[in-house]
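The chain contents come next:
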Amino acid sequence: MNTQGEEMLQTAQNLIRQTGKTLNLSDADIQKLITPEHSHEAKLEIKLDNGSKKSFQAYRVQHNSNIGPYKGGIRFHPQVSLPEVQALATLMSIKCSVAGIPLGGGKGGIVVDPKTLSEAELERLSRAYVRAFAEFIGEEKDIPAPDVNTNGQIMSWMVDEYIKIKGGSTSEEQISKWRGTFTGKPIEIGGSLGRTEATGRGGVIALKELLSKLGSKFQASGPKPTIAVQGFGNVGYYFAEIASKEGFDIVAVSDSKGGIIYKNMEPLDIPLVMKCKKEKGTLSGCYCSGGVCELKGGRPISNEELLELGVDILVPSALENVIHKGNMTKIKAKIVVEMANGPVTEEAHDYLVEKGVYIIPDVFANSGGVTVSYLEWKQNMENEKWAEEKVNTRLLELMTQAFESIWFKFEKNKGSLKDAAFQVAIERMIT
Ligand code: GLU
């Protein structure tokens, strides 16, 4: 049994239970909100390059369709388990509902370490997934997307397989709708401009919204608020890049091997740091990036140290449970933006909130990705292609509205921003 998955499921269900009690819901209603509507399982058998056959366990969980078709990514990871996928599908229902988009929660996964497969094997596995679950997905039923270790390339194999199964020569409008069964696709096959940056962009919108509500209650330590970002993948990188353009100082960034910082916490040049990371493979060797290390005294730092820096804002964008009982007393930031899924444990969350730290919860902070997925789906359904500016404007509108609803509940009921986000989501799911 996978205890981590079980724990995640327990946590998600407890949050819904607590919220249900606050909202005076009946036990029967709470039970309905907790229970996934469908949990599909399949064994995917594919041919390996050496001619032998291998089976992989796969899941698609459909949690709640009260608001609209199921929506959520497919992850490829050795630790995938049924309870974990159920937990993630549950959180997708909350995320879509808070975001104010007409979609419900779903999630899928395959128990596999994709690094052990060749590209051809990965393609066969992706196509096998679609064959196994084709009858349950569809542009009006359940709309998968990328998640951990999956990307636009995998979506393009999946869409291709799906359209093959649907079959027959047909109109361009119909093909566009079938393509809407998957989001996070490459632009050439119906992907949306702005989707790649959307999660990071949405996180910056969330942060700016919070700061505008806090007004003078938030005092930056310097002329500009300082930020440390843990994780320099798609989410962390775009968060850092967009935030620095929006007037924040990104003073430390890290990837799984460690990070970098200047002696006096001068701001980093994010695109330059990325260029260096691409050249060197990791970030920790990039503290001399741009030849300024002598001048500014750049140095590598560990991931642990990054989290404990005296910055105004902390942005964990990589792993789960990085802020926990062991380091919660050392966190100095006044705001934490949860760009990863579940980076702050329940215990650390309650401790920090009690101390007066504002934590923008993952179900809202990283909802920019699924929000632009929704805009991609809408373009496909209407056979349209929107300019990037239109996508970004819609994202801003949707996230601003979502934050208004969260803030209204937060001011009314107190507690944490997470409590408020769950209250907004669940009220919408039951009405
Ligand atoms: N996997 C992303 C998430 O967890 C995106 C989901 C989607 O776009 O459907 O939010």
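Above: the structure in question.
In what follows, the accompanying structure is described. Worth saying up front: this structure is predicted, and the values here are computed from it rather than measured. (Residues numbered from 1 in each chain as written. Predicted model: local features only at pLDDT ≥ 70, side-chain atom pairs only at ≥ 80, totals over all residues. Heavy atoms only, no water.)

Bringing empty space enclosed by the protein into the picture now. Taken as a whole, this structure holds 1 cavity of 30 Å³ or more when the rule is applied. Together, Leu88, Leu91, Met92, Lys95, Lys107, Asn341, Asp362 and Val363 line the largest cavity. Elements with a minimum of two residues in the lining of the largest cavity: helix H3 (82-99) and helix H13 (362-365). Top contributing element to the lining of the largest cavity by residue count: H3, with 4 residues. Partitioned by chemical class, the residues of the lining of the largest cavity number 4 nonpolar, 1 polar and 3 charged. (1 Å grid on protein atoms, 1.4 Å probe; cavity = no way out; pocket = protein on both sides within 12 Å on 5 of 7 lines; lining within 4 Å. Points joined across faces, edges and corners; volume = space filled by probe spheres on them. Helix = DSSP H or I, 4+ residues; strand = E, 2+ residues; numbered from the N terminus. Nonpolar A, V, L, I, M, F, W, Y, C, P; charged D, E, K, R; others polar.)

On to the nonpolar core. If you look at the biggest cluster of nonpolar residues, it comprises 82 residues, and the most contacted ones within it are Ile227, Phe239, Val253, Ile335 and Val337. The element contributing the most residues to this core is helix H15 (residues 388-413), with 9 residues. The residues touching phenylalanine 239, leaving out its near neighbours within four places in the chain, are Gly200, Gly203, Val204, Leu207, Ile227, Val229, Val315, Val337 and Met339. (Core = buried A, V, L, I, M, F, W, Y, C linked by side-chain atoms within 4.5 Å. Buried < 20%, exposed > 50% of the residue type's maximum accessible area, 1.4 Å probe, protein only. Contact = heavy atoms within 4.5 Å.)

Moving on, we come to the site of the ligand. With respect to spatial proximity, the complete set of residues near the ligand consists of Lys71, Gly72, Gly73, Met92, Lys95, Lys107, Ala145, Pro146, Asp147, Arg195, Val370 and Ser373. One of the side-chain N or O atoms of aspartate 147 is found 2.7 Å from a nitrogen atom in the ligand. Here arginine 195 contributes a side-chain N or O atom positioned 3.2 Å from an oxygen atom of the ligand. Notes on the ligand: free accessible area 290 Å², of which the protein chains cover 92%. For the shell around the ligand, the secondary-structure elements that each account for two or more residues are strand S3 (70-77), H3, strand S5 (142-146) and helix H14 (368-381). No other element matches the 3 residues that S3 contributes to the shell around the ligand. In the shell around the ligand, the residues fall into 4 nonpolar, 3 polar and 5 charged. (Near = heavy atom within 4 Å. Polar contact = N/O pair within 3.5 Å; in protein donor to acceptor, adjacent residues only side chain to side chain. Areas by Shrake-Rupley, 256 points an atom, 1.4 Å probe, with all protein chains shown as cover.)

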